[in-house]
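# Observations on chain architecture
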Amino acid sequence: MNQFAVMMNEKGNIAVDDTLLIKDVPATAGSRILEGFTPLFSAEAVERLQQKGYTVAGKTHVGEFGLDLVGEFSYYAPQSGALQGAAASAVAAGDVKAALGVDMNGAPRRAAALAGVDFLKPTYGTVSRYGVISCAASGEQVGVYGKDAKNVAELMAVIAGHDPKDGTSLKNETYDYTLADVQGKKVALVTDLLQKADEATRAKVLAFADELKAAGVEVVEIDCDLFALANTAWQILMCAETCNNVSRYDGVKYGHRAADYKNIDELYVNTRTEGFNFLTKAVILYGSDVLSKHRYKDCYDKSLRVRRVVSEAIDRLFGQYDALLTPAAFAASFDAYEVKDAFGKVFAQSECTAVANLIGIPALACHGVQLLGKAFDDALLLSLAAAVEKKGE
Amino acid sequence: MKYELVMGLETHVELSTESKIFCSCGGHSAANEPNDCVCPACSGMPGMLPVMNKRVVELAVTAGLMLNCDINRYTTFDKKNYYYPDLPCAYQITQINHPICTNGLVTVKTSQGARDIRIKQIHMEEDAGKLVHSGNSSYVDFNRTSVPLIEIVTQPDFRSAEEVVTYLNKLKAMFRSGGISECEEGAMRCDVNISVRPEGSEEFGVRTEIKNMSSFEAIEKAIQYESQRHMDALEFDTEELVQETRRYDDASGKTFAMRNKETEADYRYFPDANLMPIVIDDEWLERIKADKPVAVDEKAEEYMAAGISQKEIDVLLSDGKISKLLDDTVALGCDRKDSATWILTDCAGVLSKAGKTFADGVVTAEKLSAIIKMVADGTINRNAGKKVLIAVVEQGAEPVAYCKEQGLDRKVDASAIEGVIDGVLAANPKAVEDFKAGKVKAMGALFGACMKELKGAGDPAVIKQLLEQKLAQ
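Residues numbered from 1 in each chain as written. Chains lettered and ligands numbered in written order. Predicted model: local features only at pLDDT ≥ 70, side-chain atom pairs only at ≥ 80, totals over all residues. Heavy atoms only, no water.

This paragraph deals with the overall build of chain A. A count of helical and extended segments in chain A gives 13 helices and 11 strands. For 393 residues, the compact-globule estimate of 2.2 N^0.38 gives 21 Å, and chain A sits close to it at 20 Å. Structurally, chain A occupies a C-alpha span of about 70 × 50 × 45 Å along its principal axes. Of all intrachain contacts in chain A linking residues separated by at least 6 positions in sequence, the fraction that spans at least 24 positions is 75%. Total accessible area on chain A is roughly 14400 Å²; 50% of this is exposed by carbon and sulfur atoms. Once the 40 positive and 50 negative side-chain charges of chain A are each reduced to a mean point, those two points are 4 Å apart. (Helix = DSSP H or I, 4+ residues; strand = E, 2+ residues; numbered from the N terminus. Rg over C-alpha atoms; globule rule 2.2 N^0.38 Å. Contact = heavy atoms within 4.5 Å. Areas by Shrake-Rupley, 256 points an atom, 1.4 Å probe, with all protein chains shown as cover. Lys, Arg positive; Asp, Glu negative; His and termini not counted. Charge placed at Lys NZ, Arg CZ, Asp CG, Glu CD.)

Written as structure tokens, this is what we have:
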């Protein structure tokens, strides 16, 4: 499949997921609802890379609003057979050196794990969200796909740092992504998640643990029941925020507008019926429900409280361990399936990834596994991955 | 049965900031063309994030200080969801859970005495755009979207329309003096919550809300209409009152129920994750306090509360003698706004024509109040009042005596009028004859002669009636 939704420069060395804006280049987030929309400005992360001399090869396909498993449900590039993420595949194939993506519900991490490349979802607030086609503002973050940890670190050093155009951007001007020695670090392998994973995934995680040990890292097995809880809370918050953020796509201002309508209500309904896929519609319905008067307290508000509880519990874990090792997904590969089954499938697989979106900690997909660290320990995760990569060379 | 009116107000005030609340678009009020003052943020394009305009926080805090509110040091924004084409993001950013100011108090003074109005909260929010309808199509204009507003919500403490209007005038005076808002036409919009209960009752009656009124006159009329509707329903069972949102129609002077759907809407409020909580530390608060005008000019506030325009207030306060004349005249029992008009328009004009100034002291509060009172109670008409004023300025006349002397008194008794008419008829036999011969026009000439003789005194309708009677004899 062609990985690019828009090809910009054959010689470009980076790709940019279509959930990020580039000035004057059509942007759709994989959705028909944004068909024909051309942004007036570029995402801050893209701008910073361009200023440092990186060139964009093109916009890579994403699943509609990044809500699916790995990018299978783009209106513009339907997939069949074994699923793959476009940007991750482009990096794996060497078409580009690295790529930018938006991690809102784990799709880029799963895609990277499938393709055997790295993707870092950085600590929340370190990379500007200016120019992201936003869905779940409280947990989405711009991250980097790279062939290896060094590669990711190189781009992170460019894109991270305060941006006054984003109210959630932290005030630090720069962050240090220098890879360091990991000898003596302590990593906890989360066994509950491992048990739920398929054979191939388990093998990858255990192999990674062995490589870490060989690099002088202490690996300890732990039970941790926070992941399922964190996943439920994040799916509720994510659906609510997404429902709200995609409300603006109403056919009035830009993007797709239904041809048939007799009044404003029909314009809204017909446009949105045609413009969104089944998964987005499911997310809108769930999101709308958890925000409704009768459900708010038991769903949305409770999820905010769970977020706090999980955050405190994870903090305590990081008092004992430097990082957590988990699968990036329970399956090592996915076959094509019907969009009506997507909500359940994504929910199930997000159990590995959601905690990082929920509480803003960094998460790195590498070698088919996932490393989680405490806030601002992005460089440590990259260093752990680099230690394994060095061994593998 | 006697009824008591119970009202609470929600007042939206547009803040005087250089730019919008979450983006750097400025000058919307000067924008000539639709969508002249928009950017990707305030037109709801993807990728743009709201960035808080700190000035909005400072002005909201200043308003809170002026209304004796608690300033909440931790304040957050929420999203209010609804679809309408003039709302580009399909949500409005507002404050529900942690508004910036709470628990204030403002005193309003009316002819019924003073009343404390409790302020429930003040919160910050963004305005919506507007729709322009043309033929079969509608167009959106986003110039106004994201213009910063504060909404001031009171407790149900108002008991009369006069208190409401006085309160609004007071807000206007304060906000102008504090640089919070220019409060120009349309920059202050009001929702009135209204209910009626038997006097002495502690329970609230059924409440209706009249939405989105911007003229104080309309607000007063709407309250009068709506409270009467409530009282009629209670007293005569004319209809069953239901809790609902209503709209006031200026042309008919009536209120109408809005679609029920709108009142039952679930706005699905939830925190806006794009805007971090705002923390107002001591240092910032002290800085805002220091910037606040040292003391609101009480006098200006008083004048403004009486409905006197800012321009007039500027003139009144530019000369201590003028404002003293006004205050003294009011102290003698005259209406403040009416007196201001007499002083600024009539006195100023007459004095200047006579080559005099207020400093000459020819117009005293006693004389002026005498004229104003005679006009107010119908003793003389407004024009006669002006004549008296001229006499006061030019000849030092005493108003009451002068009116009597000159026969300006409209309340001259019928016998005096009859005397004048008899004289006129006797002096114009030709006209009388013409009239009796069928020349109706002759009546006009005779009436004019009577009026001239009476020098504007007497009620023209009465004079005409008497004249007709005499001619018919």
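Looking now at the nonpolar core. A general feature of soluble globular proteins is that nonpolar side chains tend to end up buried together. Counting 97 residues, the largest nonpolar core has Leu34, Phe65, Tyr249, Ile314 and Leu324 of chain A as the members making the most contacts within it. Here this core takes 11 residues from helix H7 (residues 226–245) of chain A, the largest share from any one element. Once residues within four sequence positions are removed from consideration, phenylalanine 65 of chain A is found in contact with Thr19, Ala29, Ser31, Ile33, Leu34, Met104, Ile133, Cys135, Val246, Tyr249, Phe276 and Thr280 of chain A. Within the second largest apolar cluster, 64 residues are counted, among which are Leu9, Val108, Phe175 and Leu275 of chain B. (Core = buried A, V, L, I, M, F, W, Y, C linked by side-chain atoms within 4.5 Å. Buried < 20%, exposed > 50% of the residue type's maximum accessible area, 1.4 Å probe, protein only.)

Let's shift gears to the packing of helix H13 (residues 414–427) of chain B against helix H16 (residues 460–472) of chain B. Residue and element names in this part refer to chain B. Two elements in contact, H13 and H16, have axes whose closest approach is 10 Å; the angle formed by their N-to-C orientations is 55°. Classified by the angle between their axes, H13 and H16 sit oblique to one another. Crossing hand, H13 versus H16: right-handed. For the pair formed by H13 and H16, the contact residues are Ala414, Ile417, Glu418, Ile421, Asp422 and Leu425 on the first element and Val462, Ile463, Leu466, Leu467, Lys470 and Leu471 on the second. Taken together, the residues of the contact of H13 with H16 break down into nine nonpolar, no polar and three charged. (Axes fitted to C-alpha atoms, helices over the stretch in contact; angles between N-to-C directions. Parallel < 35°, antiparallel > 145°, perpendicular 65-115°, else oblique. Left-handed = near helix turned anticlockwise from the far one by under 90°. Nonpolar A, V, L, I, M, F, W, Y, C, P; charged D, E, K, R; others polar.)

Moving on, we come to the pairing of strand S5 (residues 118–121) of chain A. A regular strand carries its side chains on alternate faces of the sheet. All names here are of chain A. The alternating pattern of S5 places Asp118 and Leu120 on one face and Phe119 and Lys121 on the opposite face, and all of these are buried. As paired elements, S5 and strand S10 (residues 363–366) share three bridges and run antiparallel to each other. What sits directly across from leucine 120, in S10, is leucine 364. (Pairing = 2+ DSSP bridges.)

Let us now look at the interface of chain B and chain A. Every contact between the two is made by 31 residues of chain B and, on the other side, 39 residues of chain A. Regarding the contact of chain B and chain A, the summed buried area is about 2800 Å², with carbon and sulfur atoms giving 60% of it. For the pair chain B and chain A, the interface holds zero salt bridges. Inspection of the chain B/chain A interface yields 13 residue pairs in polar contact (both at pLDDT 80 or more). For the side of chain B that touches chain A, the elements supplying multiple residues, two or more each, are strand S4 (78–81) and strand S15 (270–271) of chain B. Grouping the constituent residues of the side of chain B that touches chain A by class yields 22 nonpolar, five polar and four charged. (Buried area = accessible area lost by both parts, 1.4 Å probe. Salt bridge = Lys/Arg side-chain N within 4 Å of Asp/Glu carboxyl O. Polar contact = N/O pair within 3.5 Å; in protein donor to acceptor, adjacent residues only side chain to side chain.)

Let us look at the environment of arginine 144 of chain B. Residue and element names in this part refer to chain B. The residue arginine 144 is located in the loop between strand S9 (137–141) and strand S10 (148–154) in this model. Distance in space between the C-alpha atoms of arginine 144 and aspartate 127 is 6.4 Å, their sequence separation being 17 residues. If we ignore the near neighbours within four places in the chain, the residues touching arginine 144 are Glu14, His28, Asp127, Ala128, Gly129 and Arg189.

Before going further, it helps to examine the side chain of glutamate 209 of chain B. Counting through the fold element by element, glutamate 209 of chain B comes out in strand S12 (residues 208–213). In contact with glutamate 209 of chain B, other than residues within four places in its own chain, are Glu10, Asp191, Val192, Asn193, Glu244, Thr245 and Arg246 of chain B.

Okay, the side chain of glutamate 351 of chain A next. Relative to the helices and strands, glutamate 351 of chain A is located in the loop between helix H11 (342–349) and helix H12 (354–359). For glutamate 351 of chain A, the side chain forms a polar contact with the side chain of lysine 196 of chain A, separated by 2.7 Å.

Here the focus is the layout of surface pockets. Of the voids in this model, the second largest pocket is the one considered here, and its volume is about 1000 Å³. Taken together, 30 residues form the lining of the second largest pocket, with Leu304 and Arg307 of chain A together with Tyr74, Pro271 and Pro277 of chain B sitting closest to its centre. At the level of elements, helix H10 (297–320) and H12 of chain A are the ones that each hand at least two residues to the lining of the second largest pocket. Of the residues forming the lining of the second largest pocket, the biggest block, seven residues, is contributed by H10 of chain A. (1 Å grid on protein atoms, 1.4 Å probe; cavity = no way out; pocket = protein on both sides within 12 Å on 5 of 7 lines; lining within 4 Å. Points joined across faces, edges and corners; volume = space filled by probe spheres on them.)

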